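# Architecture at a glance
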There are 2 protein chains.
Amino acid sequence: MKLHVSPDIFPPRGHEAKRLSIVDSAATVFCREGFAGANIDLIAAEAGVSRQTIYNHHGDKERLFVAVVRDLTERCNAGIFATIATFPDQPGDLEADLIGFAVRLNQNCICNRDGKFLRKLIQTEGERYPELFAEWREQGPGRTWPAIAARFARLAYGGHLTIEDPDVAARQFLGLVNAELQTTFMLGGSPREDEVLQSATNGVRTFLRAFGKRRSAASSEKQSALTSA
Amino acid sequence: MKLHVSPDIFPPRGHEAKRLSIVDSAATVFCREGFAGANIDLIAAEAGVSRQTIYNHHGDKERLFVAVVRDLTERCNAGIFATIATFPDQPGDLEADLIGFAVRLNQNCICNRDGKFLRKLIQTEGERYPELFAEWREQGPGRTWPAIAARFARLAYGGHLTIEDPDVAARQFLGLVNAELQTTFMLGGSPREDEVLQSATNGVRTFLRAFGKRRSAASSEKQSALTSA
DNA sequence: ACAAATTTAGACACTCTTGTCTAAATCGTC
DNA sequence: GACGATTTAGACAAGAGTGTCTAAATTTGT
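Read on for an overview of the structure. Everything numeric in this text was worked out from a predicted model, so none of it was measured.

### Some thoughts on the interface of chain B and chain A
At the interface, 42 residues of chain B touch 42 residues of chain A. In total, chain B and chain A occlude about 3900 Å² of area from one another, counting both sides; carbon and sulfur atoms represent 52% of this. On the chain B side of the contact with chain A, Met186, Leu187 and Arg209 of chain B bury the most area, a combined 20% of that side's loss. Summed over the shared surface of chain B and chain A, the number is 8 salt bridges. In this structure, the salt-bridge partner of Arg128 of chain B is Glu33 of chain A, at a minimum N-O distance of 3.6 Å. In this structure, the connection of chain B to chain A is made through 18 residue pairs in polar contact (both at pLDDT 80 or more). Listed by contribution, the elements that provide at least two residues to the side of chain B that touches chain A are helix 1 (13-37), helix 6 (113-125), helix 7 (130-139), helix 8 (141-157), helix 9 (166-177), helix 10 (182-186) and helix 11 (193-211) of chain B. Taken together, the residues that form the side of chain B that touches chain A break down as 13 nonpolar, 16 polar and 13 charged.

Structure (structure tokens):
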């Protein structure tokens, strides 16, 4: 019976620390081995914790897995929205600003540990836990894509871009900016920093050729030099 | 001792039929359950074959897996090159022709059974079999992407497109054309036919806005109405 | 330092899976 | 129909993994 309600949290500090450590190690192992291949003893060893403690905290391999996914989804979403907040609303150099945004999105949200792990889990176990990842789809792309689309709509409204459908433009922006990273993503790897920059640069240039203000105008200094044909 | 060499093949017809059936079912189960989760008994049952027969043919769960991947890679590659052969070299209506090509590529190579399975296996087991999937990377994207790039280079040479780097353009074409199918691919699903068409249409329109001939006057919508050559 | 809660190590039962083995049944071919 | 090769069903040993239990050790708050 736990009646003497503590001011803030109930379990001692070390308790929550262990919980975190467990979820962290579980993420690593689940991603490396898959759900079926993951071994509770291995997770326990990697977390520096006894197997029984894992069962005390999460009760079950499956519930541990669900906790891992929820945890990753939450952290990734937070990162993505934080990055969306840096979207250039009043662009000085639109090309450079969009490239910067794309690189930040990749480095801080998609290629970092959480993003990589979440992507892997979605790919490998997505079909086994339809309801769990349907939730991700709603909370993840379902919320972030419209948010990015809204930023593009704002740029269009401000006269910096010519866009008919901001939702389509947003998805195409992401497609273009990651166009050269697809195979790496597929194989579960992390692209090097220069690869991310290269793909983002090429992607943004093409994006602006399609949606940037018509004519050379102020689109790019080098463009005027290049347009000779 | 097998000395009386038969004219053509040694094992009877039924033999090879069983081998095919086994690899087929193994592909299904490996994709659904992952390597660790896949169950030889289940594969045997699905193939309508006894477990021992699987061991007779492939000897080992791991070697069975490798056989499955090689089989899928081979078939997918064949399909992709067959589709690349239909790339529009002398376009009548470039937009319609490119959309058609993109849809064929998706329907016949990426979204069909083999493509879906291979993608899933690369995603889930890519890190566990680096050498196996390095081979795929070379034989797959390493050969198909340049082939597509060559086709775009030809279009540019013929004056139908304005492209600096055909390799970049090819990757971006694929990125654009699949921009709206990413989440579905990630979750291992197959997009509906109309989704494929929609994504391809939007993608090709943007692609042509970026790389199409710069007669800005009648660039996008009215273009199809004007072209009669 | 004390008392309560938490963690730990190890043993344990249980299930599942792989891969082997054997004898019987089936298949293909002559 | 007969023969050789293949397939089959089932039993089997060996190993691995999950989840439970217990008693001892450790940590935490007071």
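Here the narrative resumes.
### Some words on the protein's contact with DNA strand D
The environment of DNA strand D is made up of 21 residues, and the closest members are Ala38 and Gln52 of chain A together with Ser50, Arg51 and Thr53 of chain B. Each atom of DNA strand D within 4 Å of the protein belongs either to a base or to sugar and phosphate, the latter forming 73%. His57 of chain B is positioned such that a nitrogen or oxygen atom in its side chain is 3.4 Å from a phosphate oxygen of DNA strand D. Of all the secondary structure elements, the ones that give two or more residues to the surface near DNA strand D are helix 2 (40-47) and helix 3 (51-58) of chain A together with helix 1 and helix 3 (51-58) of chain B. A per-element tally of the surface near DNA strand D places helix 3 of chain B first, with 4 residues. Residues of the surface near DNA strand D, tallied by class, amount to 5 nonpolar, 8 polar and 8 charged.

### Topic: the nonpolar core
Side chains of nonpolar character tend, in soluble globular proteins, to be buried together. In terms of nonpolar packing, the biggest core is built from 69 residues, with Phe152, Phe173 and Phe207 of chain A together with Phe152, Phe173 and Phe207 of chain B touching the most fellow members. Grouped together as the second largest cluster of nonpolar side chains are 31 residues, Val29, Phe65, Leu118 and Tyr129 of chain A included.

### Some thoughts on the relation of the copies chain B and chain A
Structural alignment of chain B on chain A gives an RMSD of 0.1 Å, achieved by rotating through 180° and translating 0.0 Å along the axis. In short, the pair behaves as if placed about a two-fold rotation axis. Proximity to the rotation axis, assessed at the C-alpha, singles out Ala210 of chain B in chain B; its C-alpha lies 2.1 Å from the axis. Here 95% of the contact residues of chain B are again contact residues in chain A; the copies associate through an equivalent surface.

### Observations regarding the packing of helix 4 (residues 61-84) of chain A against helix 6 (residues 113-125) of chain A
All names here are of chain A. Running from N to C, helix 4 and helix 6 point in directions that differ by 130°, and their axes come no closer than 9 Å. It follows from the interaxial angle that helix 4 and helix 6 lie oblique. Note on packing geometry: the crossing formed by helix 4 with helix 6 is left-handed. Each of Phe65, Val68, Val69, Leu72, Thr73, Arg75 and Cys76 in helix 4 lies in contact with helix 6, whose residues at this interface are Arg113, Asp114, Gly115, Phe117, Leu118, Leu121 and Glu125. Looking at the contact of helix 4 with helix 6, its residues break down into 8 nonpolar, 2 polar and 4 charged.

### A closer look at helix 5 (residues 94-110) of chain B
All names here are of chain B. Counted at 1.5 Å a residue, the expected span for helix 5 with its 17 residues is 24 Å, and the 22 Å between its end C-alpha atoms agrees. Three or more residues of helix 5 are buried, namely Leu94, Glu95, Leu98, Ile99, Phe101, Ala102, Val103, Leu105, Asn106 and Cys109. Residues of helix 5 that are buried make contact with helix 4 (61-84), helix 6, helix 8, helix 9, helix 10 and helix 11. Among the residues of helix 5, the N-terminal cap falls to Asp93, whose side-chain oxygen and the backbone nitrogen of Glu95 are separated by 3.2 Å.

### Points about the protein's contact with DNA strand C
In the region of DNA strand C, 21 residues are neighbours, and Ser50, Arg51 and Thr53 of chain A together with Ala38 and Gln52 of chain B sit closest. For DNA strand C, the fraction of atoms within 4 Å of the protein that belong to sugar or phosphate moieties is 69%. A distance of 3.4 Å separates a phosphate oxygen of DNA strand C from a polar side-chain atom of His57 of chain A. In the model, a base nitrogen of DNA strand C is placed 2.6 Å from a nitrogen or oxygen of the Gln52 of chain B side chain.

### Brief notes about the side chain of Thr184 of chain B
Counting through the fold element by element, Thr184 of chain B comes out in helix 10. Filtering out sequence-adjacent residues up to four positions away, Thr184 of chain B remains in contact with Arg137 of chain A together with Gly189, Ser190 and Pro191 of chain B.

### Description of the packing of aromatic side chains
All told, the structure shown has 24 aromatic pairs over all chains when counted by the stated rule. Measuring from ring centre to ring centre gives 5.2 Å for Phe173 of chain B and Phe207 of chain B, while their planes differ by 80°; the resulting arrangement is edge-to-face. Of this pair, Phe173 of chain B sits in helix 9 while Phe207 of chain B sits in helix 11, placing them 34 residues apart in sequence. Assessed through its relative accessible area of 1%, Phe173 of chain B is described here as buried. Owing to a relative accessible area of 0%, Phe207 of chain B belongs among the buried residues under this scheme. Taken together, the ring pairs connect Phe87, Phe101, Phe152, Phe173, Phe207 and Phe211 of chain A into an aromatic cluster. When the ring centre of Phe185 of chain A is taken as reference, the NZ or CZ atom of Arg119 of chain A above it lies at 4.3 Å. Its guanidinium or amino end placed over the ring of Phe35 of chain B, Lys61 of chain B lies 4.8 Å from that ring's centre, counting from NZ or CZ.

### A short note on the pattern of salt bridges
Residues and elements named next belong to chain A. Under the counting rule described, the total for this entry stands at 38 salt bridges over all chains. Here Asp24 and Arg75 are joined by a salt bridge, their closest N and O atoms 3.9 Å apart. One end of the pair, Asp24, is in helix 1 (residues 13-37); the other, Arg75, is in helix 4, with 51 residues separating them in the sequence. Arg75 gets classed as partly exposed once you look at its relative accessible area, which sits at 33%. The network of salt bridges with common partners includes Asp24, Asp71, Arg75, Arg113 and Asp114.

Criteria and cut-off values
- Residues numbered from 1 in each chain as written.
- Chains lettered and ligands numbered in written order.
- Predicted model: local features only at pLDDT ≥ 70, side-chain atom pairs only at ≥ 80, totals over all residues.
- Heavy atoms only, no water.
- Contact = heavy atoms within 4.5 Å.
- Buried area = accessible area lost by both parts, 1.4 Å probe.
- Salt bridge = Lys/Arg side-chain N within 4 Å of Asp/Glu carboxyl O.
- Polar contact = N/O pair within 3.5 Å; in protein donor to acceptor, adjacent residues only side chain to side chain.
- Helix = DSSP H or I, 4+ residues; strand = E, 2+ residues; numbered from the N terminus.
- Nonpolar A, V, L, I, M, F, W, Y, C, P; charged D, E, K, R; others polar.
- Near = heavy atom within 4 Å.
- Core = buried A, V, L, I, M, F, W, Y, C linked by side-chain atoms within 4.5 Å.
- Buried < 20%, exposed > 50% of the residue type's maximum accessible area, 1.4 Å probe, protein only.
- Least-squares fit on C-alpha atoms with pLDDT ≥ 70 in both.
- Axes fitted to C-alpha atoms, helices over the stretch in contact; angles between N-to-C directions.
- Parallel < 35°, antiparallel > 145°, perpendicular 65-115°, else oblique.
- Left-handed = near helix turned anticlockwise from the far one by under 90°.
- Expected span 1.5 Å × (residues − 1).
- Phe/Tyr/Trp six-rings, centres within 6.5 Å; stacked < 30°, edge-to-face > 60°.
- Lys NZ or Arg CZ within 6 Å of the ring centre and 35° of its normal.

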